[in-house]
Amino acid sequence: MADPRIIIVGAGPAGTRAAEVLVAAGLRPTVVDEGSRSGGQIYRRPPPNFTRSHDALYGTEAAKARAVHAAFDALGDRITYRPETLAWAIKDDRLHALKGSRSEALAYDALLLAPGATDRVMPLPGWTRPGCYSLGAAQIALKAQGCAIGERVVFLGTGPLLYLVAYQYMRAGHAPAAVLDTSSYGQQLSGLALMAARPGQLLKGVRLLRALRRGGVPVLRNVEPLEVLGDAHGVDGVRFRDADGSERRLACTAVGMGYHLRAESQLADLAGCEFRFDPAVQQWLPQTDAMGRSSRANVYLAGDGARLLGADAAETAGRLAACAMLADLGHRQDARTVARLQRAMKRHARFAEGVARAFPWPHALAAELPDATLVCRCEAITAGELRASVTALGAPEVNRAKAFSRVGMGRCQGRFCGLASQEIVAAACKGRVEAAGRLRGQAPVKPLPIALLGEDGRG
Amino acid sequence: MTIDGACVEVLEGDTVLTALMMHRGFAGHSPFGDGRRAGFCMMGACQDCWVWTGEGDRLRACSSPIQDGMDIRTEAPKGLWPIPG
Ligand SMILES: Cc1cc2nc3c(=O)[nH]c(=O)nc-3n(C[C@H](O)[C@H](O)[C@H](O)COP(=O)(O)OP(=O)(O)OC[C@H]3O[C@@H](n4cnc5c(N)ncnc54)[C@H](O)[C@@H]3O)c2cc1C
Ligand code: FES
């Protein structure tokens, strides 16, 4: 095929490495990313006038950040780079891309989706108060804006990011008031053997915990979060049940909450890829083969948007998906390189399985949420309304509950309420969460400006 | 730049959301009357930080860098139709 049209969505570690492999094979992919600079989530680059060094920004990951940035920059004009461009729909082998208020339909022969992940959150009474942010937001405030989300922060949730962000706050001179983890010590131990697949990563985690302890940051495990306290103006504390079952309060001015990550899978859905429920992470994920081929012939998936394996795995997956694409386009691939990459993926998968075991999504908490809790921030739908749509209206499936209650129809498209609402629907009809179905992706994946210029440019 | 008409000093490279949190403590009001909102994800995903400009345009505060002379409003400027964002 002469000059196949290849589009990559996402300029994070996965998209960067995929583009690199394609360019090395003499192709010229188009790379679309919503951000103004490459790097993706973990290696997010600050605004150009910020002068902090890689070491200050990325800590132990500085060398990797530098390498990924350099790899992307080295591609130069051998790729067509479209920054600040939102991929908002996919239809008939065309990607609809929006820059400013102008949208264009880009035809492709092969498409690689590498859109990464967002925080996975569990709603909580009071979580819409100003001062309550996602863990990712707490980190972004620190990294990209050089400020903390508050003076006295409680970090709440579970997962490696919980401890990492707490540590980063401590290092930046904002020692957190506490780290409240919903996982138990026992669960964390049970993940150890699998996490040993990547001893270096595991060691980093152990060091981080030790540093928090030395810094005097209280770490409480096996907690049940109950409420973010405060008023319309802000946060003044958290209420939770500790491991012994006693109810406690802790004063703070901000909360950072998150339960590991949630794959950004809407685009794969719009491209028509098949999904399956992954019980280890309790999420519906787009199906791929060991190379990153989706169920659609010309759609490939890599990085955290397909499987939550972390940043190093995202680089490997990006390379593999590019190899698969090249092979399918008739380019010969070196079998040894592919085998090596696949072995690395297996290690990453083992490690991620350990993480999922050590820091499980506390899905049962959704069933306990008081009826008055806002589940959907966008449309202000409460847990009670959602339950009523299941029991009174007979909507035993999350998309029907969505049609009745509008949960997940708001501007965020269910990114923050989708997983919890599946749990609430499942619990309300006493079914398993797989049976409650998954919220299907819809275009546009993010809100478009009202004055959108048409794809023929005429508005 | 100005926020709700008051002149504020901001740092170059800050986002509109950072400026709002420094000077106002929130970004807007929930359209459903359940109180103030101040963003949640800071990465353009939750859509909880949309604000207005004096001209009646809407923008997502966490992904909009500050520009000189910006006129940001936490409520729709008077005289405009209340278009939901
Ligand atoms: C908030 C947050 C903080 C994290 N912090 C850490 C950390 O400190 N340490 C760690 O090890 N891991 C961290 N992770 C996990 C880490 O980010 C991922 O493992 C890694 O970035 C995955 O790489 P990726 O290439 O798959 O996706 P990403 O790096 O997320 O890159 C995806 C890119 O796609 C773009 N994109 C997404 N959707 C669209 C669209 N519709 N249109 C256009 N562009 C789009 C995004 O702008 C982004 O640049 C974090 C994740 C999140 C969400
Ligand atoms: S804070 Fe979530 S979109 Fe701006």
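Residues numbered from 1 in each chain as written. Chains lettered and ligands numbered in written order. Predicted model: local features only at pLDDT ≥ 70, side-chain atom pairs only at ≥ 80, totals over all residues. Heavy atoms only, no water.

Participant: Help me understand the overall build of chain A in this model?
Facilitator: Scanning chain A for helices and strands turns up 15 helices and 22 strands. Taking 23 Å as the expected radius of gyration for a compact globule of 459 residues, we find that chain A reaches 22 Å, a close match to that expectation. In terms of overall dimensions, chain A has C-alpha extents of about 70 × 55 × 40 Å along its principal axes. Residue burial in chain A is summarised as follows: out of 459 residues, 58% are buried. Within chain A, contacts between residues at least 6 apart in sequence are counted, and of these 67% link residues at least 24 apart. With the model as given, the accessible surface of chain A reaches about 18800 Å², and the carbon-plus-sulfur share is 51%. (Helix = DSSP H or I, 4+ residues; strand = E, 2+ residues; numbered from the N terminus. Rg over C-alpha atoms; globule rule 2.2 N^0.38 Å. Buried < 20%, exposed > 50% of the residue type's maximum accessible area, 1.4 Å probe, protein only. Contact = heavy atoms within 4.5 Å. Areas by Shrake-Rupley, 256 points an atom, 1.4 Å probe, with all protein chains shown as cover.)

Participant: Would you mind showing me how to read the interface of chain A and chain B here?
Facilitator: Accessible area lost upon the coming together of the parts serves often as the stated size of an interface. In this complex, chain A contributes 38 residues to the contact, which on the side of chain B involves 28 residues. Of the roughly 2700 Å² buried at the junction of chain A and chain B (both faces included), carbon and sulfur atoms supply 59%. Three residues stand out in chain A for area buried against chain B, namely Y133, R377 and R411 of chain A, and they jointly supply 23% of the buried area on that side. Taken together, the links from chain A to chain B amount to two salt bridges. In this structure, the salt-bridge partner of R377 of chain A is D48 of chain B, at a minimum N-O distance of 2.5 Å. In this assembly, chain A and chain B are joined by ten residue pairs in polar contact (both at pLDDT 80 or more). Counting residues per element, the ones that place at least two in the side of chain A that touches chain B are β8 (117-119), β9 (132-134) and α4 (135-145) of chain A. With five residues, α4 of chain A is the single largest residue contributor to the side of chain A that touches chain B. (Buried area = accessible area lost by both parts, 1.4 Å probe. Salt bridge = Lys/Arg side-chain N within 4 Å of Asp/Glu carboxyl O. Polar contact = N/O pair within 3.5 Å; in protein donor to acceptor, adjacent residues only side chain to side chain.)

Participant: How should I be thinking about the pattern of salt bridges in this particular structure?
Facilitator: Side-chain pairing between opposite charges can occur once the charged atoms of the two side chains come close. Residues and elements named next belong to chain A. Counted by the stated rule, this structure contains 26 salt bridges over all chains. As a salt-bridge pair, E264 and R415 come within 2.8 Å of each other at their nearest N and O atoms. Linking E264 in the loop between β17 (261-263) and α9 (266-270) with R415 in the loop between α14 (398-405) and α15 (418-428), this pair joins segments that are 151 residues apart in sequence. For the residue pair E264 and R415, the accessibility class agrees, reading buried in each case.

Participant: Whenever I open this one, a positive patch on the surface confuses me. Can you help?
Facilitator: Taken together, the side chains of R207, R210, R213 and R214 of chain A make up a positively charged region of the molecular surface. Counting through the fold element by element, R207 of chain A comes out in helix α8 (residues 199-214). (Patch = residues over 30% accessible without salt bridge, like charges linked within 9 Å, V, L, I, M, F, W, Y side chains within 5 Å. Lys, Arg positive; Asp, Glu negative; His and termini not counted. Charge placed at Lys NZ, Arg CZ, Asp CG, Glu CD.)

Participant: Whenever I open this one, the UniProt feature "domain: FAD/NAD(P)-binding" (unreviewed entry) in chain A confuses me. Can you help?
Facilitator: The positions UniProt marks with the feature "domain: FAD/NAD(P)-binding" (unreviewed entry) are residues 5-307 of chain A. From the first C-alpha to the last, residues 5-307 of chain A spans 25 Å; its make-up is 28% helix and 30% strand. (UniProt positions renumbered as here; feature names shortened; annotations may be inferred.)

Participant: Would you mind showing me how to read the nonpolar core here?
Facilitator: As a rule of thumb, soluble globular proteins bury nonpolar side chains together. Core analysis: the largest hydrophobic core is formed by 106 residues, its most contacted members being I149, F155, Y169, L180 and V255 of chain A together with V16 of chain B. Not counting residues within four places of it along the chain, the set of residues in contact with L180 of chain A comprises V154, F155, L156, G157, L162, L220, V223, V238, F240 and L250 of chain A. One finds I6, L22, I79 and A322 of chain A within the second-largest nonpolar core, a separate group that totals 36 residues. (Core = buried A, V, L, I, M, F, W, Y, C linked by side-chain atoms within 4.5 Å.)

Participant: I would appreciate a short explanation of the sheet that holds strand β4 (residues 85-91) of chain A in the present structure.
Facilitator: Adjacent strands of a sheet pair through backbone hydrogen bonds, lying either parallel or antiparallel. Residue and element names in this part refer to chain A. Ordered in space as β4-β5-β6, the three strands form an open sheet in which the pairing is antiparallel. In this open sheet, the two strands that pair with only one neighbour each are β4 and β6 (102-107). Between one strand axis and the next, the sheet turns through 25° on average, direction left out of account. (Pairing = 2+ DSSP bridges. Axes fitted to C-alpha atoms, helices over the stretch in contact; angles between N-to-C directions.)

Participant: Mind showing me how you'd approach the site of ligand 1 here?
Facilitator: Near ligand 1 you find 33 residues, and of these D33, Q41, A87, Q139 and D304 of chain A are the closest. Chains contributing residues to the immediate surroundings of ligand 1 are chains A and B. Take D33 of chain A: an N or O atom from its side chain is 2.6 Å from an oxygen atom of ligand 1. Burial of ligand 1 by the protein amounts to 90% of the accessible area it has alone, namely 990 Å². Looking at the shell around ligand 1, the elements that each hand over two or more residues are α1 (13-24), β4, β8, α4, α5 (160-171) and α10 (311-328) of chain A. Here the element with the most residues in the shell around ligand 1 is β4 of chain A; it accounts for three residues. Looking at the shell around ligand 1 residue by residue, the class counts come to 18 nonpolar, twelve polar and three charged. Split by domain, the shell around ligand 1 shows at least three residues from each of two domains, domain 1 (6-118 + 262-330) and domain 2 (121-259) of chain A. (Near = heavy atom within 4 Å. Nonpolar A, V, L, I, M, F, W, Y, C, P; charged D, E, K, R; others polar. Domains from an automatic or database assignment.)

Participant: Help me understand the side chain of R129 of chain A in this model?
Facilitator: Residues and elements named next belong to chain A. Checked against the element boundaries, R129 lands in the loop between β8 and β9. For the buried residue R129, which engages in no salt bridge, the nearest side chain bearing the opposite charge is E227, 4.1 Å off. A polar contact of 3.0 Å, which involves the side chain of R129, links it to the backbone oxygen of V228.

Participant: For this particular structure, what's the right way to read the packing of aromatic side chains?
Facilitator: This structure, assessed with the given rule, holds eight aromatic pairs over all chains. Pairing Y259 of chain A with W361 of chain A gives two aromatic rings, centres 5.9 Å apart and planes at 80°, and the pair type is edge-to-face. With Y259 of chain A in strand β16 (residues 254-259) and W361 of chain A in the loop between α11 (335-358) and α12 (364-368), this pair connects stretches of sequence that are 102 residues apart. Each member of the pair, Y259 of chain A as well as W361 of chain A, is classed as buried. When the ring of F416 of chain A is compared with that of F40 of chain B, the centres are 5.7 Å apart and the planes differ by 90°; the resulting orientation is edge-to-face. With F416 of chain A in the loop between α14 and α15 and F40 of chain B in the loop between β4 (36-37) and β5 (50-53), this pair bridges two chains. Here the aromatic residues W127 and F416 of chain A together with F40 of chain B are joined through ring pairs into a cluster of three or more. Across from the ring centre of W127 of chain A, 4.7 Å away, lies the NZ or CZ of R377 of chain A, which sits over that ring. The ring of W52 of chain B carries R58 of chain B above its face, with NZ or CZ at 4.1 Å from the centroid. (Phe/Tyr/Trp six-rings, centres within 6.5 Å; stacked < 30°, edge-to-face > 60°. Lys NZ or Arg CZ within 6 Å of the ring centre and 35° of its normal.)

Participant: Whenever I open this one, the pairing of strand β18 (residues 275-278) of chain A confuses me. Can you help?
Facilitator: Looking along a regular strand, one sees the side chains alternate between the two faces of the sheet. In terms of strand pairing, β18 of chain A meets strand β19 (residues 283-286) of chain A through four bridges, oriented antiparallel. By the bridge assignment for β19 of chain A, F275 of chain A is matched with P286 of chain A.

Participant: Any chance you could explain the confidence of the model for chain B here in plain terms?
Facilitator: In regions of low pLDDT, the predicted coordinates are not meant to be interpreted in detail. Residue and element names in this part refer to chain B. Taken residue by residue, chain B gives an average pLDDT of 85. The fraction at 70 or more is 92%. Of all the helices and strands in chain B, strand β3 (residues 28-29) carries the lowest mean pLDDT, 84, while strand β7 (residues 71-73) carries the highest, 93. In the model output, the complex is listed with pTM 0.92 alongside ipTM 0.87. (pLDDT = per-residue confidence, 0-100.)

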